[in-house]
Amino acid sequence: VQLQASGGGLVQPGGSLRLSCAASGLTFSSYAMGWFRQAPGKEREFVAAITWSGGSSYYADSVKGRFTISRDNAKNTVYLQMNSLKPEDTAVYYCAARWKYVTTTDSYTYWGQGTLVTVSS
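We now turn to the structure provided with this report. Just so you know, these numbers come straight off a predicted model, no measurement behind them.

Right, let's get into the overall build of the chain. The secondary structure content of the chain amounts to zero helices and eleven strands. Reading the secondary structure of the chain in the N-to-C direction produces β-β-β-β-β-β-β-β-β-β-β. Expected size for 121 residues packed as a compact globule is a radius of gyration near 14 Å; at 13 Å, the chain falls within 12% of this value. When its C-alpha atoms are laid out on the principal axes, the chain stretches across 40 × 25 × 25 Å. Looking at the chain as a whole, 44% of its 121 residues are labelled buried. Partitioning the intrachain contacts of the chain with sequence separation of at least 6 by distance along the chain shows that 58% fall at a separation of at least 24. Accessible surface computed for the chain: about 6,100 Å², of which carbon and sulfur atoms make up 46%. Charged side chains in the chain number 11 positive and 7 negative. The centres of these two groups are separated by 7 Å.

Of all hydrophobic cores here, the largest spans 36 residues; its most connected members are M33, W35, L80, M82 and Y93. Secondary structure elements with two or more residues in this core: β1 (2-6), β3 (17-24), β4 (31-38), β5 (45-50), β7 (67-72), β8 (77-82), β9 (91-99) and β11 (115-119). When sequence neighbours within four positions are dropped, the list of residues in contact with M82 reads G15, S16, L17, L19, R66, F67, Y93 and V117.

For the rest of this paragraph, the subject is the sheet that holds β3. In a beta sheet, neighbouring strands pair by backbone hydrogen bonds and run either parallel or antiparallel. Spatial strand order, β1-β3-β8-β7: four strands in an open sheet with antiparallel pairing. Edge strands, defined here as strands with exactly one partner in the open sheet, are β1 and β7. Taking each pair of neighbouring strands and ignoring which way they run, the sheet shows an average axis angle of 15 degrees. When β7 meets β8, the two strands line up antiparallel, connected through six bridges. Pairing of D72 across the sheet is with T77, part of β8.

With that out of the way, let us pick up the packing of aromatic side chains. Applying the stated criterion to the full structure yields five aromatic pairs. Ring centres of Y31 and Y110 lie 6.2 Å apart, and the angle between their planes is 50 degrees; on these two criteria the pair is classed as tilted. Within this pair, whereas Y31 is found in strand β4, its partner Y110 is found in strand β10 (residues 110-111), the two being separated by 79 residues in sequence. Classification of Y31 as buried rests on a relative accessible area of 12%. Aromatic side chains F36 and Y108 sit 5.5 Å apart centroid to centroid with 75 degrees between the ring planes, which places their arrangement in the edge-to-face category. Here F36, found in strand β4, pairs with Y108, found in the loop between β9 and β10; they are 72 residues apart in sequence, far enough to count as distant. Taken as a pair, F36 and Y108 share a single burial class, namely buried. Feature note: the residues F36, F46, Y108 and W111 constitute an aromatic cluster, connected by ring pairs. Between the NZ or CZ atom of R44 and the centre of the ring of W111, over which it lies, the distance is 3.8 Å. Its guanidinium or amino end placed over the ring of F28, R71 lies 4.3 Å from that ring's centre, counting from NZ or CZ.

Definitions and cut-offs
- Residues numbered from 1 in each chain as written.
- Predicted model: local features only at pLDDT ≥ 70, side-chain atom pairs only at ≥ 80, totals over all residues.
- Heavy atoms only, no water.
- Helix = DSSP H or I, 4+ residues; strand = E, 2+ residues; numbered from the N terminus.
- Rg over C-alpha atoms; globule rule 2.2 N^0.38 Å.
- Buried < 20%, exposed > 50% of the residue type's maximum accessible area, 1.4 Å probe, protein only.
- Contact = heavy atoms within 4.5 Å.
- Areas by Shrake-Rupley, 256 points an atom, 1.4 Å probe, with all protein chains shown as cover.
- Lys, Arg positive; Asp, Glu negative; His and termini not counted.
- Charge placed at Lys NZ, Arg CZ, Asp CG, Glu CD.
- Core = buried A, V, L, I, M, F, W, Y, C linked by side-chain atoms within 4.5 Å.
- Pairing = 2+ DSSP bridges.
- Axes fitted to C-alpha atoms, helices over the stretch in contact; angles between N-to-C directions.
- Phe/Tyr/Trp six-rings, centres within 6.5 Å; stacked < 30°, edge-to-face > 60°.
- Lys NZ or Arg CZ within 6 Å of the ring centre and 35° of its normal.

Take a look at the structure:
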């Protein structure tokens, strides 16, 4: 199983980025997907998650209203659209996969390698 995250980079405060996570080696449509992040010197934290069907999504309070998680099961890809970015959103962002049941905890089976998002002027 491979989860390949991409789309990170340097963006100014108030800007937007869209992260992608391409999955292979698993039946993607059977897996709930999550995004997590880890800022320097801090523990990894939950950002957003989506059910296998895409019918329901969940967000950390810190990103609610600014970030949107979505998925395309035909492309085996999950996305994280990040708007109104703040310096405190700076972190390495990881995608993760869990068979069938979504969770906001970090009990996911498969993890990607991470992509760095830096929000700075």
